[in-house]
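Analysis of the macromolecular model
Single-letter residue listing:
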Amino acid sequence: MKVQAIIPAAGIGARLKSQVPKPLVMLKGKPLFVYALEILTKSSMISSVILVVNAEAKPELERIVKELSLLKPVKVVIGGETRRESVFNGLQSTDDATEYVVVHDGARPLVSQSLLEEAIEKCRQEAAVVVAVPVKPTIKRVAKEGLYVEATLDRSFLWEVQTPQVFKKQILLKAHQQAGEILATDDASLVEALGEKVKVLEGDYKNIKVTTQEDLLIAEALIGNHS
Ligand code: C5P
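Conventions and cut-offs
- Residues numbered from 1 in each chain as written.
- Predicted model: local features only at pLDDT ≥ 70, side-chain atom pairs only at ≥ 80, totals over all residues.
- Heavy atoms only, no water.
- Pairing = 2+ DSSP bridges.
- Helix = DSSP H or I, 4+ residues; strand = E, 2+ residues; numbered from the N terminus.
- Axes fitted to C-alpha atoms, helices over the stretch in contact; angles between N-to-C directions.
- Contact = heavy atoms within 4.5 Å.
- Patch = residues over 30% accessible without salt bridge, like charges linked within 9 Å, V, L, I, M, F, W, Y side chains within 5 Å.
- Areas by Shrake-Rupley, 256 points an atom, 1.4 Å probe, with all protein chains shown as cover.
- Salt bridge = Lys/Arg side-chain N within 4 Å of Asp/Glu carboxyl O.
- Near = heavy atom within 4 Å.
- Polar contact = N/O pair within 3.5 Å; in protein donor to acceptor, adjacent residues only side chain to side chain.
- Nonpolar A, V, L, I, M, F, W, Y, C, P; charged D, E, K, R; others polar.
- Buried < 20%, exposed > 50% of the residue type's maximum accessible area, 1.4 Å probe, protein only.
- Core = buried A, V, L, I, M, F, W, Y, C linked by side-chain atoms within 4.5 Å.
- Expected span 1.5 Å × (residues − 1).
- Arc of directions from axis to C-beta.
- Phe/Tyr/Trp six-rings, centres within 6.5 Å; stacked < 30°, edge-to-face > 60°.
- Lys NZ or Arg CZ within 6 Å of the ring centre and 35° of its normal.

As a further point, take the sheet that holds strand E10 (residues 159-168). Across a sheet, strands are paired by hydrogen bonds formed along the backbone, either parallel or antiparallel in direction. Pairing in this open sheet of 7 strands is mixed, and the strands run E5-E4-E1-E6-E10-E7-E11 from one edge to the other. The open sheet has two edge strands with one neighbour each: strand E5 (74-78) and strand E11 (199-202). Neighbour-to-neighbour, the strand axes of the sheet open up by a mean angle of 25°, direction not taken into account. Inspection of the sheet shows strand E1 (residues 3-9) paired to strand E6 (residues 100-103) by 4 bridges, in the parallel sense. Counted as the bridge partner of Val 3 is Tyr 100 from E6. Relative to the sheet, helix H5 (residues 169-178) contacts E6 and E10, its axis offset from that of E10 by approximately 115°.

What follows is the structure, encoded as structure tokens:
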């Protein structure tokens, strides 16, 4: 079973308000994107990685990738305006023989090797697997206009979806090609739009996405405690 990984890391990181592109923001002495890249290239289940980046940041990211002496080949490709386009670009760069694709955000430095591999393993029986955690807070739907509460959602049904997300490649490809104009913030939502089943694998609250400056502080603290 041939598995390739795609790391979307082409976001501009507007919510981080940093001087440098988000993948290059330093976290405990290492650029943010390097964490995800090292974890994925260390897995014996993944044959190679496609790193999707912003055109302007590409030369610098390529230079860093070369210096890392990673265990697996890494192809660097240019992303798009949206995360969906970026993943699609990565998908088009996968090898013909690839049967499964792992998508993992470049902004999630704290995924564990065991969770990553459990998700890949599960995808042998399921077409699509997403890592997620039950939500802890109470979530309300609020009208954009006026900011009045419309509903309080039943928390027992709500899960916060993360990456990794693992797919049979042909299904993910079809989902990207046929899901229409929906604005997808993850890949599973495109697969859901096809009517395919998506299996949830309970993940880890530490697997945060670095979006804002507070997240950087949290990630630093979690890395400090990471075994
Ligand atoms: O925007 P969001 O926080 O959902 O981004 C999740 C991941 O998708 C990040 O790693 C980001 O770099 C990536 N992304 C991308 N191309 C875009 C927008 C986001 O690769 N156009």
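Turning to a nonpolar patch on the surface, a few remarks are in order. The grouping of Val 142, Leu 147 and Val 149 at the surface amounts to a nonpolar patch, some 290 Å² of accessible area in total. In this structure, Val 149 sits in strand E9 (residues 149-152).

Bringing the site of the ligand into the picture now. Of all residues adjacent to the ligand, which total 14 residues, the nearest are Pro 8, Ala 10, Gly 80, Ser 86 and Lys 209. A distance of 2.8 Å separates an oxygen atom of the ligand from a polar atom in the backbone of Pro 8. Arg 15 is positioned with one of its side-chain polar atoms (N or O) 3.1 Å from an oxygen atom of the ligand. Bound to the protein, the ligand loses 86% of the 460 Å² it would expose on its own. When grouped by side-chain class, the residues that make up the shell around the ligand number 4 nonpolar, 5 polar and 5 charged.

We now examine the side chain of Ser 48. Secondary-structure assignment places Ser 48 in strand E4 (residues 48-53). Here Ser 48 falls in the buried class, since its relative accessible area comes to 11%. A polar side-chain atom of Ser 48 sits 2.9 Å from a polar atom in the side chain of Gln 4. Setting aside residues up to four positions removed in sequence, Ser 48 forms contacts with Val 3, Gln 4, Ala 5, Lys 72 and Pro 73.

Note on soluble globular proteins: their nonpolar side chains tend to be buried together. Residues Ile 7, Phe 33, Leu 40, Ile 46, Leu 51, Val 102 and Ile 120 are the most contacted members of the largest nonpolar core, which totals 33 residues. Where this core is concerned, the elements lending two or more residues are E1, helix H1 (32-42), E4, helix H2 (58-67), E6, helix H4 (113-122) and strand E7 (128-134). It is H1 that contributes the most residues to this core, 6 residues altogether. Contacts of Phe 33, omitting those with residues within four sequence positions, involve Pro 23, Leu 24, Leu 51, Leu 61, Ile 64, Val 65 and Gly 106. Core analysis: the next-biggest nonpolar cluster, separate from the first, contains 22 residues, Val 52, Val 77, Leu 172 and Ala 184 among them.

Below, the discussion takes up helix H7 (residues 213-224). The first and last C-alpha atoms of H7 sit 17 Å apart over 12 residues, in line with the 16 Å expected at 1.5 Å per residue. All of the buried residues in H7 are Asp 215, Leu 216, Ala 219, Leu 222 and Ile 223. All buried residues of H7 lie within an arc of 130° about the axis, which places them on one face of the element. Exposed residues on H7 whose side chains face more than 90 degrees from its buried face are Glu 214, Leu 217 and Gly 224. In this structure, the buried residues of H7 make contact with strand E2 (26-27) and H1.

Scanning the model with the defined rule gives 0 aromatic pairs in all. The side chain of Lys 30 reaches across the aromatic face of Tyr 35, ending 4.6 Å from its centre. In this structure, Lys 136 is placed above the aromatic ring of Tyr 205, and the distance from its NZ or CZ to the ring centre is 4.1 Å.

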